[in-house]
Amino acid sequence: QLQACGGRLVQAGGSLRLSCAASGRTFSSYGMGWFRQAPGKEREFVASITRSGDYTFYTDSVKGRFTISRDNAKNTVYLQMNSLKPEDTAVYYCAAGSSSVTVRRYDYWGQGTQVTVSS
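Bear in mind that the values here come from a model prediction, so they are computed numbers and not experimental data. (Residues numbered from 1 in each chain as written. Predicted model: local features only at pLDDT ≥ 70, side-chain atom pairs only at ≥ 80, totals over all residues. Heavy atoms only, no water.)

Quick one: what's the story with the environment of Pro39, residue by residue and with numbers?
By secondary structure assignment, the location of Pro39 is in the loop between β4 (32-37) and β5 (44-49). We classify Pro39 as exposed; its relative accessible area is 75%. Each C-alpha atom of the pair Pro39 and Ser61 lies 18 Å from the other, and the pair is 22 residues apart in sequence. (Helix = DSSP H or I, 4+ residues; strand = E, 2+ residues; numbered from the N terminus. Buried < 20%, exposed > 50% of the residue type's maximum accessible area, 1.4 Å probe, protein only.)

What follows is the structure, encoded as structure tokens:
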């Protein structure tokens, strides 16, 4: 089970850190990803991290602004979001099972947390 939190209303240029806590003892066995879905749009890849945390991947629009990290001792993955833009507004989902950019490669999904960036 994945529980995402940290989303809220923030002004453009601000920062947020999303957290996703996983239950169970196999967290370190899974690659983890963050996706987002804006109203009327498909769910899109944002960032992912390998099981060990050695490798990270980002969609072009967030490179240099967002950082994904994980703490396997705490069964938690994070998404630090800086220099937020109104176009970052979406429901953000964490997912487990892969470090792929593809939605269907993930086995488990959190419930989503709303991020709203005002201009």
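A description of the pairing of strand β11 (residues 113-118) should follow, citing residues and the corresponding values.
Burial along β11 is one-sided: the face carrying Thr113, Val115 and Val117 is buried and the face carrying Gln114, Thr116 and Ser118 is not. With 3 bridges joining them, strand β2 (residues 9-11) and β11 adopt parallel strand pairing. Bridge pairing in β11 links Val10 to Val117. In this sheet, β11 lies alongside strand β9 (residues 90-96) in antiparallel orientation, the contact comprising 3 bridges. (Pairing = 2+ DSSP bridges.)

Residues and numbers for the packing of aromatic side chains, please.
Per the counting criterion, the structure on display carries 5 aromatic pairs. In textbook terms, an aromatic cluster arises when at least three aromatic residues are bridged by ring pairs, as seen for Phe35, Phe45, Tyr106 and Trp109. One Lys or Arg, Arg43, reaches over the ring of Tyr93 and ends 3.7 Å from the middle of that ring. A cation sits over an aromatic face here: Arg70 above Phe27, 4.5 Å from the ring centre. (Phe/Tyr/Trp six-rings, centres within 6.5 Å; stacked < 30°, edge-to-face > 60°. Lys NZ or Arg CZ within 6 Å of the ring centre and 35° of its normal.)

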